[in-house]
Amino acid sequence: SVSRAIKPFAEPGRPPDWFSQKHCASQYSELLETTETPKRKRGEKGEVVETVEDVIVRKLTAERVEELKKMIKETQEKYRQLKKDAELIQAGHMDNRLEELCNEIMMWVISLF
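Since this is a predicted model, take the numbers as computed values, not measurements.

Explain the overall build of the protein chain here, please?
Regarding its fold elements, the protein chain presents four helices and zero strands. Across the 113 residues of the protein chain, 8% fall into the buried class. Carbon and sulfur atoms make up 57% of the accessible area of the protein chain, which totals about 10,100 Å².

Set out below in C-alpha cells:
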C-alpha cells in the first residue's frame, strides 16, 4: 500500500519497478540496516524514546531539504542568467546568438518537466 501511495510523488526517470512492493521492502530493509539504532535512555515514565523509524525520517528529511535547497539555488542562478540574457537581447547586443539562446531556453524548459 505504501508503494502505491508514494508513486504520484516519483521523480522522473525512475524505473517502472521502483515502486513495486518488493523493491520498497528491500529499500526499507536497507535503511534499517544502515541506520544506527538509538540508545535507550533511562528516564521518567512516559518519556518518549526515539525509534529507528524516527532516525530514518529525520535523516531522509534533512537529505531532501538539502536537495531542494540545491535545486532552488540552481534555478535561481539560471533565472538570473536568463534575465541578464533577456536584457542583452532587448538592447540588441545578442542578435547574432538568438537562435542558440532560444535552443538553450527550450532545452531548459523541457528539462523542468
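What should I look at first to understand the packing of aromatic side chains in this one?
Each aromatic ring pair is summarised here by two numbers: the centre-to-centre distance and the angle between the ring planes. A complete count under the given rule lists zero aromatic pairs for this structure. Lying across the ring of W18, R14 places its NZ or CZ 4.1 Å from the centre.

Quick question: what am I supposed to make of the UniProt feature "coiled-coil region" (unreviewed entry) in the protein chain here?
With numbering matched to this structure, UniProt assigns "coiled-coil region" (unreviewed entry) to residues 58-92. For residues 58-92, the helix share is 94%, the strand share is 0%, and the end-to-end C-alpha distance is 51 Å.

Explain the pattern of salt bridges to me, please; I cannot follow it from the model alone.
Two side chains carrying opposite charge are able to pair once their charged atoms lie near each other. One pass over the full model with this rule turns up four salt bridges. Between E66 and K69 there is a salt bridge whose closest N-O contact spans 3.8 Å. One end of the pair, E66, and the other, K69, are both in helix α3 (residues 52-90), three residues apart, so they sit about a helical turn from each other. Note that E104 and R97 form a salt bridge whose closest N and O atoms lie 3.9 Å from each other. Exposure remark for R97: the relative accessible area of 29% places this residue in the partly exposed category. Here the salt bridges do not stand alone but share partners, grouping R97, E100 and E104 into one network.

Would you mind showing me how to read the environment of A5 here?
When you line up the elements, A5 lands in helix α1 (residues 2-6). Assessed through its relative accessible area of 48%, A5 is described here as partly exposed. In sequence terms A5 and F19 are 14 residues apart; their C-alpha atoms lie 9.4 Å from each other.

Definitions and limits used
- Residues numbered from 1 in each chain as written.
- Predicted model: local features only at pLDDT ≥ 70, side-chain atom pairs only at ≥ 80, totals over all residues.
- Heavy atoms only, no water.
- Helix = DSSP H or I, 4+ residues; strand = E, 2+ residues; numbered from the N terminus.
- Buried < 20%, exposed > 50% of the residue type's maximum accessible area, 1.4 Å probe, protein only.
- Areas by Shrake-Rupley, 256 points an atom, 1.4 Å probe, with all protein chains shown as cover.
- Phe/Tyr/Trp six-rings, centres within 6.5 Å; stacked < 30°, edge-to-face > 60°.
- Lys NZ or Arg CZ within 6 Å of the ring centre and 35° of its normal.
- UniProt positions renumbered as here; feature names shortened; annotations may be inferred.
- Salt bridge = Lys/Arg side-chain N within 4 Å of Asp/Glu carboxyl O.

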